[in-house]
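# Overview (structure and organization)
One-letter residues, chain by chain:
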Amino acid sequence: MGLKAFDIALVGLMAAVYAAVTLLPGFPVIGAPGTDIDLARSLDVGYGLILGIALGPLASFMGSFVGKALTGGGIGFLFTPPAIATSLLAAFLAKEKVGPVKGWHLAAATLALPMAAWFLLPLGREAWTYALLHAVGLVEILVLGGRITGLLKSRERGKLTLGIFLASYPATMAGHMVGTIIFAIVLGPTAGFFIALTPITAIERVVISLIATAIGVPLVVA
């Protein structure tokens, strides 16, 4: 019971920190006025790494939901699930195994599934080049696999930093694809919209990955 109480307190604390960070200015979502990509998204990776596959995504989702409520809610509530995907992928990469399955296999699936869902949409098939950014993250996991896990477990600051950066890109792309699918279904943009947005998205996600690394390293060390 003590451990359960501690878990609840820890998730609540982390969610509160997340919600507070959402009050900071974020990146505006082009095509969805009044909706921002919160800087708090950079916390998702760190939460997954330090809290694990259950508590990490939960803390991220709760923090994202409360943060949206504090900033007016509205359509922003629809974009809270991406926090779960990002945190979950990072948590899987930090695990050598989850039961009989290798952690990086599950991490790859966490990105591959929303990518597959994207191509089930007529819009997704038309704007297939948009998914190339996400494919880079998937290929990274498939090629490096357990090496990323090894780096994440390293006690050397340099290796840990590299590991968190390598985990951050595919993790943030998993969340991004989930958000993209929600955006496409709810707001119905054209394929040309996503194709034109591709270079902007690339820069945005690299920046978020760098911020996630800067935040994640001291979190994991602590």
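Above this text you will find the structure in question.
Only a predicted model underlies this, so the values are computations on that prediction, with no experimental measurement involved. (Residues numbered from 1 in each chain as written. Predicted model: local features only at pLDDT ≥ 70, side-chain atom pairs only at ≥ 80, totals over all residues. Heavy atoms only, no water.)

### Quick notes on the overall build of the protein chain
A tally of regular secondary structure across the protein chain gives 9 helices and 4 strands. Written out in order from the N terminus, the α and β elements of the protein chain read α-β-β-α-α-β-β-α-α-α-α-α-α. For a compact globule of 222 residues, the expected C-alpha radius of gyration is about 17 Å, and the protein chain comes in at 17 Å, within 12% of that figure. Projected onto its principal axes, the C-alpha positions of the protein chain cover 50 × 40 × 30 Å. Put simply, of all contacts in the protein chain between residues at least 6 apart along the chain, 69% involve residues at least 24 apart. With an accessible surface of roughly 10,100 Å², the protein chain has 74% of that area assigned to carbon and sulfur atoms. Both charge centroids of the protein chain, one from 13 positive and one from 9 negative side chains, sit 9 Å from each other. (Helix = DSSP H or I, 4+ residues; strand = E, 2+ residues; numbered from the N terminus. Rg over C-alpha atoms; globule rule 2.2 N^0.38 Å. Contact = heavy atoms within 4.5 Å. Areas by Shrake-Rupley, 256 points an atom, 1.4 Å probe, with all protein chains shown as cover. Lys, Arg positive; Asp, Glu negative; His and termini not counted. Charge placed at Lys NZ, Arg CZ, Asp CG, Glu CD.)

### Quick notes on a nonpolar patch on the surface
The grouping of Leu 78, Ile 185, Val 186 and Leu 187 at the surface amounts to a nonpolar patch, some 340 Å² of accessible area in total. As for its position among the elements, Val 186 is in helix H8 (residues 157–187). (Patch = residues over 30% accessible without salt bridge, like charges linked within 9 Å, V, L, I, M, F, W, Y side chains within 5 Å. Salt bridge = Lys/Arg side-chain N within 4 Å of Asp/Glu carboxyl O.)

### Focus on the pattern of salt bridges
Side chains that differ in charge, positive against negative, can pair when their charged atoms come close. Throughout the structure, instances matching the rule amount to 2 salt bridges. The salt bridge involving Lys 159 is made with Glu 156; its shortest N-O contact spans 3.8 Å. Salt-bridge contacts for Glu 204 lead to Arg 205; the nearest nitrogen and oxygen are separated by 2.9 Å. In this pair, the class of Glu 204 matches that of Arg 205, namely buried. (Buried < 20%, exposed > 50% of the residue type's maximum accessible area, 1.4 Å probe, protein only.)

### Description of the packing of aromatic side chains
Aromatic ring pairs are reported here in terms of the distance separating the ring centres and the angle at which the planes meet. For the structure shown, the criterion picks out 10 aromatic pairs. Seen in terms of ring centroids, Phe 65 and Phe 77 are 4.8 Å apart; in terms of plane orientation they differ by 35 degrees. Their pairing is tilted. Placement of the pair is Phe 65 in helix H2 (residues 43–70) and Phe 77 in the loop between H2 and helix H3 (81–93), with a sequence separation of 12 residues. Following the ring pairs from residue to residue traces out a cluster consisting of Phe 79, Trp 118, Tyr 130, Phe 183, Phe 193 and Phe 194. (Phe/Tyr/Trp six-rings, centres within 6.5 Å; stacked < 30°, edge-to-face > 60°.)

### Thoughts on the side chain of Ser 209
On the secondary structure map, Ser 209 appears in helix H9 (residues 191–221). Take Ser 209: its relative accessible area is 1%, and that puts it in the buried class. Every residue in contact with Ser 209, bar those within four places of it in the chain, is listed here: Phe 165, Ser 168, Tyr 169 and Thr 172.

### Quick look at the nonpolar core
With 43 residues, the main nonpolar core has Leu 89, Leu 93, Trp 118, Leu 152 and Phe 194 as its most contacted residues. Elements with a contribution of two residues or more to this core: H2, H3, helix H4 (103–120), helix H6 (132–144), helix H7 (146–152), H8 and H9. With 13 residues, the single largest contributor to this core is H8. Once residues within four sequence positions are removed from consideration, Leu 89 is found in contact with Ala 107, Thr 110, Leu 111, Ile 141, Ala 167, Pro 170, Ala 171 and Ala 174. (Core = buried A, V, L, I, M, F, W, Y, C linked by side-chain atoms within 4.5 Å.)

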